[in-house]
Amino acid sequence: MKILVPLKRVPDPDTKIRLKPDGASVDWDGVKFAINPFDAIALEEALRIEESQGEIDIVVVSIGGEECIEQLRAGLAMGADRALLIRSETDLDPLAIARIFVAIYHREKPGFVLMGKQAIDDDSNQVGQMLAALLGLGQATFVSRLELLDHNRRARCGRETDAGIETVTVKLPAIITTDLRLNEPRYVSLPGIMKAKKKPLEEIAVADLGVKVTSRTRVLSLEPPPRRKAGVRVKTVDELVDKLKNEAKVI
Amino acid sequence: MPKILVIAEHDDGQLKLATLSAMGFAHKVCAEAGGAYDVLILGESISAAAELLRGYGAASVLVADYAALKEPLADKYAHVIDEVARAQNATLVVGAASTFSKDVLPRAAALLDAGMISDVIEVRPEGGDFIFKRVMFAGNVIATVKLAGALKFLTVRSAAFAPPPKAAGASPITPVAVDAGKLPSQIEYVGREAKVAGRPDSTEARVVVSGGRALKNAADFERLIGGLADVLGGAVGSSRALVDSGITPNSLQVGQTGKIVAPDLYIAVGISGAIQHMAGMKDTKVIVAINKDPEAPIFEVADYGLVGDVYQIVPELMARLKK
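Residues numbered from 1 in each chain as written. Chains lettered and ligands numbered in written order. Predicted model: local features only at pLDDT ≥ 70, side-chain atom pairs only at ≥ 80, totals over all residues. Heavy atoms only, no water.

**Regarding helix α3 (residues 74-87) of chain B**
All names here are of chain B.
Stage number 1. With 14 residues, α3 should cover 20 Å at 1.5 Å per step; its first-to-last C-alpha distance of 20 Å lies within 8% of that length.
Stage number 2. Judged by how many residues are buried, α3 sits mostly within the fold: ten of 14 residues are covered.
Stage number 3. By the burial criterion, the buried members of α3 are A74, D75, K76, Y77, A78, V80, I81, D82, V84 and A85.
Stage number 4. Count one or two residues on from α3 and you reach N89, which has phi positive near 50°. (Helix = DSSP H or I, 4+ residues; strand = E, 2+ residues; numbered from the N terminus. Expected span 1.5 Å × (residues − 1). Buried < 20%, exposed > 50% of the residue type's maximum accessible area, 1.4 Å probe, protein only.)

Written out as structure tokens, the structure reads:
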């Protein structure tokens, strides 16, 4: 079985995002990049399935410029078998990305797609669900427990919802999106990095996939969020209760 | 003129308050740009929730009440939303930014070849179209965006839109015809872990009491955080540190990777205030921080800060509030 794992290049989660004075773009100067953490969790899960079942072909795929090779190589170093870079130099919105993944899906014919629930830059949380719809496949989003059943024909998934963990089964192939607590991704080892250099990494232009994509979302400007004003320090519990009752009037 | 379809959300027939914020968004758009909005509710035995939806001036409350829709499974729900949005000639389909909407709406949007914007916090009509503001980068950037296309999907942050005013008359109820035999069946519901009874959900509550690293174990968390929440009739929340150390369950986590809450009062007990956590609660009206460390970043956003040991302060606060 093949598992397709999309990897998005995003700013390292520990980086503080700053805006340029023009108010329209992020200042990328000196920013470190990483695999989107939710995607790294997806890849880790695919690797664990490979370790328990054997005979699994893990293909990682990124959409973007050649800088994404850094994250694809990191994915190969973690243990993926093969990488695909879909070359695109324009900003694409979730529906456009999902359309490209449709073409990749038909090309690769995976047993299922395992991907992050959202990317930590754009925070849209849409691509997996859109991809499932366009392919007419089932989906399980925000998954923190995953178990393959019936010789990989179905998956039992624990989903993190606002109401607590919901369990569903979904027919495979399907799109499964990962939440934070599914696993903790492994660190890349030195032998892993050495091996990754010999693993295949193929580049394909979007146009060669036979899809025409346009982004319908246009960003007009970016701004920092309004700052909360720092409040006051109170010295005692009595003073706190008095303020909450008589000043803020919230209790 | 906009024709808006609001997707209502409920928990086993109990209407989620966030739905009213999505209706508040629709009301605001109609007030500024004309047009009308409908509300669609899907489920089984949902007449009580549907009844509540009638009081806010929607053109109609569309009710898809079927056994096959009892659980909110994305394949079935997106299929029905797709059909209803076409039948109503909707131009905007809107839901509250919750795990329910995030699961179902992008799927429905793609079925309709529509683009989608998540986590909208502001809307402004402009020349027959709209300009939206949304949050990105864990709440550290606000983007002003436009979305092309005759049909757009949105999720809206409930803290950003007040419920619509009560209307004089009741909206008519319109049953939605669903051919249950044609619903997709790729996803099957198995079960849901039982929720702790008696306390409201942190995304719905007026008061949220959250605990962090200062709490040493689950019993202390329940006694201090649960105890204070009960005195105030509020919900409990947790920092990621406590979830990671197994002291609190995942469903309690407040933050960018957990729940986004915006109550009237948020009491952060022994929480240092990581960016990750603050992204989940900074739209609160009044923030109280109780922490031993006077330098903790949480004090920079707190309206009222009290420096001290939570094991001493919280029991004192509970005793004082019970008086």
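On we go.
**With respect to a nonpolar patch on the surface**
Residues and elements named next belong to chain A.
Stage number 1. Judged by side-chain polarity, V188, L190, I193 and M194 come together as a nonpolar surface patch covering roughly 360 Å² of accessible area.
Stage number 2. When you line up the elements, V188 lands in the loop between β10 (174-178) and α5 (190-196).
Stage number 3. Residue class for V188 comes out partly exposed when judged on its relative accessible area of 36%. (Patch = residues over 30% accessible without salt bridge, like charges linked within 9 Å, V, L, I, M, F, W, Y side chains within 5 Å. Areas by Shrake-Rupley, 256 points an atom, 1.4 Å probe, with all protein chains shown as cover. Salt bridge = Lys/Arg side-chain N within 4 Å of Asp/Glu carboxyl O.)

**Here we look at the sheet that holds strand β1 (residues 2-6) of chain A**
Stage number 1. Spatially, β11(A)-β5(A)-β4(A)-β1(A)-β6(A)-β10(A)-β7(A)-β8(A)-β9(A)-β12(B) is the arrangement adopted by the ten strands of the open sheet, whose pairing is mixed. Looking at strand neighbours, the two that pair on one side only are β11 (201-205) of chain A together with β12 (187-192) of chain B, the edges of this open sheet. Averaged over all neighbouring strand pairs, the angle between strand axes comes to 35°, with direction disregarded. (Pairing = 2+ DSSP bridges. Axes fitted to C-alpha atoms, helices over the stretch in contact; angles between N-to-C directions.)

**Focus on the packing of aromatic side chains**
Stage number 1. For the structure shown, the criterion picks out five aromatic pairs over all chains.
Stage number 2. A network of ring pairs unites the aromatic residues W28 and F33 of chain A together with F137 of chain B as a single cluster.
Stage number 3. Its end group placed over the ring of F299 of chain B, R233 of chain A keeps NZ or CZ at 4.1 Å from the ring centre.
Stage number 4. It is K216 of chain B that lies over the ring of Y311 of chain B; its NZ or CZ is 4.2 Å from the centre. (Phe/Tyr/Trp six-rings, centres within 6.5 Å; stacked < 30°, edge-to-face > 60°. Lys NZ or Arg CZ within 6 Å of the ring centre and 35° of its normal.)

**Here we look at the sheet that holds strand β17 (residues 304-307) of chain B**
Stage number 1. If you walk across this open sheet you meet the six strands as β13(A)-β17(B)-β16(B)-β15(B)-β13(B)-β14(B), and the pairing is parallel. Whereas interior strands pair on both sides, the edge strands pair on one side only; in this sheet they are β13 (232-234) of chain A together with β14 (235-238) of chain B. For this sheet the average axis-to-axis angle between neighbouring strands, irrespective of direction, equals 20°.
Stage number 2. Against the sheet, helix α6 (residues 237-247) of chain A contacts β13 of chain A together with β15 (265-269), β16 (286-291) and β17 of chain B, and its axis sits at roughly 170° relative to β17 of chain B. (Contact = heavy atoms within 4.5 Å.)

**Things to note about the nonpolar core**
Stage number 1. Formed by 103 residues in total, the largest nonpolar core has its most connected members in V5 and I176 of chain A together with I81, V93 and F153 of chain B.
Stage number 2. A per-element tally of this core places helix α3 (residues 94-108) of chain A first, with ten residues.
Stage number 3. Every residue in contact with I176 of chain A, bar those within four places of it in the chain, is listed here: F112, V113, L114, M115, A140, V143, L146, A155 and C157 of chain A.
Stage number 4. Core analysis: the next-biggest nonpolar cluster, separate from the first, contains 41 residues, I4, A8, I117 and L154 of chain B among them. (Core = buried A, V, L, I, M, F, W, Y, C linked by side-chain atoms within 4.5 Å.)

**Quick word on unusual backbone geometry**
Stage number 1. Residues L172 of chain A and P173 of chain A are joined by a peptide bond in cis, for which omega reads 0°.
Stage number 2. Checked against the element boundaries, P173 of chain A lands in the loop between β9 (164-171) and β10.
Stage number 3. The phi dihedral of H151 of chain A falls on the positive side, at around 55°, and the residue is not glycine.
Stage number 4. Within the secondary structure, H151 of chain A sits in the loop between β7 (138-149) and β8 (154-161).
Stage number 5. We note that F137 of chain B has phi near 45°; this positive angle belongs to a residue other than glycine.

**Here we look at the interface of chain A and chain B**
Stage number 1. In this complex, chain A contributes 76 residues to the contact, which on the side of chain B involves 82 residues.
Stage number 2. Roughly 6,700 Å² of surface becomes buried between chain A and chain B when both sides are summed, with 54% attributable to carbon and sulfur atoms.
Stage number 3. If you sort the residues of chain A by the area they bury against chain B, D162, R216 and R228 of chain A come out on top, with a joint share of 12%.
Stage number 4. On inspection of chain A and its partner chain B, the count reaches eight salt bridges.
Stage number 5. Across the pair E166 of chain A and R192 of chain B runs a salt bridge, and its minimum N-O distance is 3.2 Å.
Stage number 6. The interface formed by chain A and chain B contains 48 residue pairs in polar contact (both at pLDDT 80 or more).
Stage number 7. Secondary-structure elements contributing two or more residues to the side of chain A that touches chain B are α3, α4 (127-135), β7, β8, β9, β12 (217-223), β13 and α6 of chain A.
Stage number 8. Here the side of chain A that touches chain B is built from residues that sort into 35 nonpolar, 17 polar and 24 charged.
Stage number 9. Here β13 of chain A pairs with β17 of chain B via three bridges, running parallel. Within β17 of chain B, the position partnered with V232 of chain A by the bridge is Y304 of chain B. (Buried area = accessible area lost by both parts, 1.4 Å probe. Polar contact = N/O pair within 3.5 Å; in protein donor to acceptor, adjacent residues only side chain to side chain. Nonpolar A, V, L, I, M, F, W, Y, C, P; charged D, E, K, R; others polar.)

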